[in-house]
Number of protein chains: 2
Amino acid sequence: MSGPMLPRTRLRRLRERQVEDRATLDALLDEVLIAHVGLVVDGHPLVLPTAFARDGDQLLVHGSTGSGWMRAAAVGAPACLTVTALDGLVVARSAFESSMRYRSAVVFGVLRRLDARARNVALDVITDKLLPGRRAEVRPSTAQEQRRTLVLAMPIERWSLKVSAGWPDDGEDDRAGPAWAGLVPMRTAAGDPVAAPDLEEGVTVPRSVRAFIEARA
Amino acid sequence: MSGPMLPRTRLRRLRERQVEDRATLDALLDEVLIAHVGLVVDGHPLVLPTAFARDGDQLLVHGSTGSGWMRAAAVGAPACLTVTALDGLVVARSAFESSMRYRSAVVFGVLRRLDARARNVALDVITDKLLPGRRAEVRPSTAQEQRRTLVLAMPIERWSLKVSAGWPDDGEDDRAGPAWAGLVPMRTAAGDPVAAPDLEEGVTVPRSVRAFIEARA
């Protein structure tokens, strides 16, 4: 549901629309690897990028137990997790009408630290999201590794999703002019894998990495 | 300069390092098209994506004069502009050691509304950053278009830049094991241009668009 804190920005034009469909929200949250988390620290806003994953009706972020912002946030401070995909440049016949195609989700709530059992389940969910299939290719995490990791969760309850997917909306005069108009599609693309310098010869690129690259080539 | 609000996150590992080089900061700010702006609204954090540009020692964001968050921010509220580039997945031999390559700049300060003269100059800077060369291909903005646009500026004074550019850092036991390790490079890529549905036939893709795509293909 859209929360009361939502600004009116970007609703002015028809091509930028508020979407209330949870499936569209989930698709964005499952596609994008990085969220920007907002906190209030001493009255000032702080925005940091972080890897994240969706687990059903909650968002998960993880980090070191030594992470300052995560420890500060773990006590239930208000937070905002924003997830954005840039889908293209909308090149209009004028600078004024030019814009971007994007999808952007803003999730408001409180981050809470998961206990040990929930944390260990969550770590598998995060690994599965960031590189699907990888977990089955590597050894399980050790108890020490798990203990050194902090996982915070935020329920997906108050959220806003905006999708801009339109075309240039030039006026009649501009449309009669000589300028080009159109779209430059953009996406987060994966390139060819590079073996680590200390990798033994003959170790082939695993299925998880090949599938990840294929899906984002 | 790094400000006092900086969290200690991500400095734990050597491969994630704090960078104090202004040229590296500027390169990131000039490359990435979208910033995430953080504000405090009624004591709660709010994070929104926005196009932005660097103009020397300040960051510029623009929007409609009807934009709620911009109007709220224009009075000099504390803000945070975070700019992130995801450069790759670091695939280690264990889930625990896997991570990401990224560059992330956090700029703290106050957003202030530019007056009409500075705004008009700033709009050209923003257009030049988002699609270099485009401004010379289209008509100048009208006075009405300029009046309908709000531009906010934040000085680049208090900032933090983190760069993670390392390789997997597996322990000896894992290095002796059978698992692959390496990097999956990632980037924001531009695809082939698509003409607007209402574009007259025969209008060719302009030089600005061709150069943009070539630089990010």
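Residues numbered from 1 in each chain as written. Chains lettered and ligands numbered in written order. Predicted model: local features only at pLDDT ≥ 70, side-chain atom pairs only at ≥ 80, totals over all residues. Heavy atoms only, no water.

A.B. asks: Would you mind going over the interface of chain A and chain B with me for this structure?
C.D. replies: Contact residues are listed per partner, giving 86 residues for chain A and 86 residues for chain B. When the buried surface of chain A facing chain B is broken down by residue, P45(A), F96(A) and W180(A) rank first, second and third, together holding 10% of it. Taken together, chain A and chain B are joined by 4 salt bridges. Among the salt bridges present, the one from D174(A) reaches R139(B), with a minimum N-O distance of 2.8 Å. (Contact = heavy atoms within 4.5 Å. Buried area = accessible area lost by both parts, 1.4 Å probe. Salt bridge = Lys/Arg side-chain N within 4 Å of Asp/Glu carboxyl O.)

A.B. asks: Honestly, the relation of the copies chain A and chain B in this entry has me stumped. Any pointers?
C.D. replies: Copy one and copy two of the chain differ by a rotation about a common axis and a shift along it. For these two chains of identical sequence, chain A goes onto chain B by a turn of 180 degrees and a shift of 0.0 Å along the axis, with RMSD 0.0 Å. The two molecules are tied by a two-fold rotation axis, judged by turn and shift. For chain A, the residue whose C-alpha comes nearest the rotation axis is T188(A), separated from it by 2.3 Å. An overlap of 100% is found between the interface residues of chain A and their copies at the interface of chain B, pointing to a shared contact surface. (Least-squares fit on C-alpha atoms with pLDDT ≥ 70 in both.)

A.B. asks: Just to check I follow, could you spell out the packing of aromatic side chains for this structure?
C.D. replies: Where two aromatic rings form a pair, the distance of their centres and the angle of their planes describe that pair. Evaluated as defined, the whole model comprises 0 aromatic pairs over all chains. Lying across the ring of F52(B), K129(B) places its NZ or CZ 3.8 Å from the centre. (Phe/Tyr/Trp six-rings, centres within 6.5 Å; stacked < 30°, edge-to-face > 60°. Lys NZ or Arg CZ within 6 Å of the ring centre and 35° of its normal.)

A.B. asks: Could you clarify how one ought to interpret helix α3 (residues 116-130) of chain B in this entry?
C.D. replies: The periodicity of an α-helix, 3.6 residues per turn, causes residues three or four places apart in sequence to face the same way. The terminal C-alpha atoms of α3(B), which comprises 15 residues, lie 21 Å apart, in line with the 21 Å expected from a rise of 1.5 Å per residue. For α3(B), the set of buried residues is R119(B), A122(B), L123(B), V125(B), I126(B), T127(B), K129(B) and L130(B). (Helix = DSSP H or I, 4+ residues; strand = E, 2+ residues; numbered from the N terminus. Expected span 1.5 Å × (residues − 1). Buried < 20%, exposed > 50% of the residue type's maximum accessible area, 1.4 Å probe, protein only.)

A.B. asks: Which parts of the structure should I look at to understand helix α1 (residues 22-31) of chain A?
C.D. replies: Residue and element names in this part refer to chain A. Among the residues of α1, those classed as buried are L25, D26, L28 and L29. Buried residues of α1, seen end-on, are gathered within an arc of 160 degrees and therefore sit on one face of the element. Taken together, the buried residues of α1 touch β3 (44-55), β4 (58-64), β5 (75-91), β6 (99-113), α3 (116-130) and β8 (158-164). (Arc of directions from axis to C-beta.)

A.B. asks: What's the story with the environment of L130(B) in this structure? I'm lost.
C.D. replies: Relative to the assigned elements, L130(B) resides in helix α3. Counting along the chain gives 69 residues from L130(B) to L199(B), while the straight-line C-alpha distance between them is 22 Å. Other than its neighbours up to four places away in sequence, L130(B) contacts L89(A), M100(A), L33(B), A51(B), F52(B) and F212(B).

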